[in-house]
Amino acid sequence: MKILCEVQVVNRTTQANRTPRPVKSTLAIGYKQSARDANGNTKKELEMVLFSGQNKTGNRYKVKDNIHAVHTKFVLDGKATIGFLQPAENLLIKCDPIQLKGFLQTLKLGMDGKDAINLRLNIASATAIPQKAQPQLRMVVNKRSEYPIKGFPRTLKSLTINNSQLVKLSFEVCSLRNLTKLDVGGNKLTKIPSELGRLALTSLNLSSNSLGELNDWCWLRGTKLSQTLGELDLSSNGLTYFPPPLVKFERLVSLNLNHNMIGRLPFGIRRLQALRKLYVCSNKLESLPAAIEDLHVDLLDVWGNCFKSFNAEADQQLSRQKATGNSPHPLWLQAARAVDNYKLPLPAGSVPAVLIELICEAPKCLCGKLCYAQSKEDIFQRVTMPKFTNIKNLTYSREHQIYADVVLCSPSCSVSAHRCIGIFSTKFP
């Protein structure tokens, strides 16, 4: 077996680097055929050979009873160290994680004396892999005829499939474990496989598809994807509502929902504290949630929406509710407020999952207390005007005033009473 990698050779005796920095190399492992013994059997010795630009003939290392240590703590990052007794050298290897894991597994099989296909290389005649045969990291498919018949290279980190009439995302794409950037915009996708949620993608472009037909968001519940995704483009997909699982993507930096039919943004959007760019132009938004004030975005684009005027009916309802006085709050709501107010930690298993969801995603009153909309009547639409104090750049239709929806912590909240008093004279930035 042979792999392309970068290797730095360190002598453990002198602590000197034989190579001052990692160099592009070929690492090979296989059996060396020796002379026949007294019984006429051919002896096989497992060897490893390191080829580099400086040493094209290769440095040979005996494997059996000659391994000092193998360090694999960072193998998932494509790093490992193999130490030999004679010579007393460590090979610091940096390689594609999948290839490196395969090489280390082959090494283990050889050390255990087991036969394997990858060990059938005649190490005596092994040569270096040409540098031009490096693993493919990027692939672009711009038309259907360019779609690879033999499948995608497992080493891909970036894959683009645009305007190829793609109606289904294959399981093969969802199994490319090295993939960090996927662009399948301009196709005919109506559903994304749930397996995509297992990939550690940082950028995902699904624009100009038809995901709004089925509104199947199971793939957004993948724990891996929600922990790594930084850029998501769902523009021009016919979405009629904000995908609920998206509020859990706390590392999301850029979200594009342009040219859809979304009527409302959830209060739970306040959870997206890493968000810096939010595009929701050309939708059907009538207002924004008051939680928009909790975000620190550099760019908010709400151009071309259907923002409506101040809701006097909701204001009157708010006044009537304030006149009714306080009503007792459910125990679970009081518990959630206590956890939120005192900033208590939320270790897994110690707090019910439902309570964690409530604390993280429920709306907050203008006074800062946690709320919960138990019915539609608890949401007062278009009764306050956001100040956008935390937003650097706002793009909107200037013929429309923008109003926000609020939920009150209690009917007699004094802070909300002062802020929800109709149309403010506040000017937009």
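Residues numbered from 1 in each chain as written. Predicted model: local features only at pLDDT ≥ 70, side-chain atom pairs only at ≥ 80, totals over all residues. Heavy atoms only, no water.

A.B. asks: Go over the overall build of the chain, please, and point to the residues and values.
C.D. replies: When helices and strands are tallied, the chain shows seven helices and 20 strands. Taken across its 429 residues, the chain has 48% of its residues classed as buried. Excluding contacts between residues fewer than 6 apart, the proportion of contacts in the chain whose partners are at least 24 apart in sequence is 48%. Summed over all atoms, the accessible surface of the chain reaches about 22,300 Å², with 51% contributed by carbon and sulfur. (Helix = DSSP H or I, 4+ residues; strand = E, 2+ residues; numbered from the N terminus. Buried < 20%, exposed > 50% of the residue type's maximum accessible area, 1.4 Å probe, protein only. Contact = heavy atoms within 4.5 Å. Areas by Shrake-Rupley, 256 points an atom, 1.4 Å probe, with all protein chains shown as cover.)

A.B. asks: So what's going on with the sheet that holds strand β20 (residues 404-407)? Which residues, and what values?
C.D. replies: What holds strands together in a sheet is hydrogen bonding between their backbones, with the strands either parallel or antiparallel. Here we have three strands laid out as an open sheet, ordered β16-β20-β18, and mixed in their pairing. Because the sheet does not close on itself, it has two edges, and the strands there are β16 (288-289) and β18 (379-384). Both β18 and β20 contribute to a ladder of three bridges, which runs antiparallel. What sits directly across from Ile379, in β20, is Val407. (Pairing = 2+ DSSP bridges.)

A.B. asks: Kindly report on the sheet that holds strand β14 (residues 254-256), identifying the contributing residues and their values.
C.D. replies: What the nine strands build is an open sheet, ordered β9-β10-β11-β12-β13-β14-β15-β17-β19; its pairing is parallel. Of all the strands in the sheet, the pair left with one neighbour each is β9 (138-141) and β19 (393-395). Each neighbouring strand pair of the sheet contributes to a mean axis angle of 5°, computed without reference to strand direction. Pairing between β14 and strand β15 (residues 277-279): three bridges, direction parallel. Note on β15: the bridge partner recorded for Leu255 is Leu278. (Axes fitted to C-alpha atoms, helices over the stretch in contact; angles between N-to-C directions.)

A.B. asks: An account of the layout of surface pockets is requested, with residue identities and associated values reported.
C.D. replies: The calculated volume of the largest pocket comes to roughly 570 Å³. As for the largest pocket, its lining consists of 22 residues, of which Gly268, Glu361, Ala362, Pro363 and Tyr372 are closest to the centre. Class assignment of the residues belonging to the lining of the largest pocket gives a composition of 16 nonpolar, three polar and three charged. (1 Å grid on protein atoms, 1.4 Å probe; cavity = no way out; pocket = protein on both sides within 12 Å on 5 of 7 lines; lining within 4 Å. Points joined across faces, edges and corners; volume = space filled by probe spheres on them. Nonpolar A, V, L, I, M, F, W, Y, C, P; charged D, E, K, R; others polar.)

A.B. asks: Let's hear about the pattern of salt bridges: which residues, and what values?
C.D. replies: Within the structure shown, the criterion is met by 11 salt bridges. Each member of the salt-bridge network shares a partner with another, and the members are Glu250, Arg271 and Glu361. (Salt bridge = Lys/Arg side-chain N within 4 Å of Asp/Glu carboxyl O.)

A.B. asks: Describe in detail the side chain of Ser158, supporting the description with residues and values.
C.D. replies: Looking at the secondary structure, you find Ser158 in strand β10 (residues 158-161). Residue class for Ser158 comes out buried when judged on its relative accessible area of 14%. Once residues lying within four places of it in the same chain are set aside, the contact partners of Ser158 are Leu137, Arg138, Met139, Leu179 and Lys181.

A.B. asks: Tell me about unusual backbone geometry, residues and numbers included.
C.D. replies: What is expected of a backbone is that most residues other than glycine have negative phi and most peptide bonds are trans. Omega for the bond connecting Gln86 with Pro87 falls within 30 degrees of zero, at -10°, which places this linkage in the cis form. Position of Pro87 among the secondary structure elements: in the loop between β7 (79-84) and β8 (89-94). Despite not being glycine, His259 has its phi angle at roughly 55°, a positive value. With respect to the helices and strands, His259 occurs in the loop between β14 and β15. Relative accessible area serves as the criterion here: at 46%, His259 is assigned to the partly exposed category. Although it is not a glycine, Phe388 adopts a positive phi angle of roughly 55°. Assignment of secondary structure puts Phe388 in the loop between β18 and β19. Assessed through its relative accessible area of 3%, Phe388 is described here as buried.

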